[in-house]
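Geometric and topological summary
Take a look at the letters that make up each chain.
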Amino acid sequence: MTGLAAGRAAPTADASWPKRTSFPTAEQLGAALGEKVEPRQLLLAAAEPFGFQRNWRGASDGLGPLRHLAYAVQWWVFGTLTVFLYVFLNLERRGP
């Protein structure tokens, strides 16, 4: 079974709908539904004409670190401009 189980909360059979749960097992779901649940996973074949296309991209695809660098530079410039404007606009102007 795949996934991240950061705690399990089995659904109770007497709970009203919608039943809330957290990463249940097949046995727990079967007990809550009152039916037998098979612990299986259905995968569609990519070769079939109407099969599921698995075009998953990795986390490193796309723009990569440059995107994050540009975002960081943008916020550093914004922060610097904010401090500059705060100081410039709050300087006391003394008469001649």
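Above this text is the structure in question.
The present account deals with the structure reproduced in this document. Quick caveat: nothing in here was measured; it's all calculated off a predicted structure.

1. Quick notes on the packing of aromatic side chains
- Applying the stated criterion across every chain, the model contains 3 aromatic pairs.
- Arranged with centres 5.3 Å apart and planes meeting at 90°, the rings of Trp 75 and Phe 78 form a pair that is edge-to-face. Of this pair, Trp 75 and Phe 78 are both found in helix 2 (residues 65-89), 3 residues apart, which corresponds to roughly one turn of the helix.
- Assessed through its relative accessible area of 48%, Phe 78 is described here as partly exposed.
- On the numbers, 6.0 Å between centres and 10° between planes, the contact of Phe 84 with Phe 88 is stacked. On the criterion of helical spacing, the pair formed by Phe 84 and Phe 88 is a turn pair, its members being 4 residues apart in helix 2.
- For Phe 84, a relative accessible area of 52% gives the class exposed.
- Classification of Phe 88 as partly exposed rests on a relative accessible area of 42%.
- Taken together, the aromatic side chains of Tyr 71, Trp 75 and Phe 78 make up a single cluster linked through ring pairs.

2. Thoughts on the pattern of salt bridges
- Counted under the stated rule, the structure contains 1 salt bridge.
- Two residues, Glu 38 and Lys 36, come together in a salt bridge whose shortest N-O distance is 3.8 Å.
- Lys 36 gets classed as exposed once you look at its relative accessible area, which sits at 70%.

Cut-offs and rules
Residues numbered from 1 in each chain as written. Predicted model: local features only at pLDDT ≥ 70, side-chain atom pairs only at ≥ 80, totals over all residues. Heavy atoms only, no water. Phe/Tyr/Trp six-rings, centres within 6.5 Å; stacked < 30°, edge-to-face > 60°. Helix = DSSP H or I, 4+ residues; strand = E, 2+ residues; numbered from the N terminus. Buried < 20%, exposed > 50% of the residue type's maximum accessible area, 1.4 Å probe, protein only. Salt bridge = Lys/Arg side-chain N within 4 Å of Asp/Glu carboxyl O.

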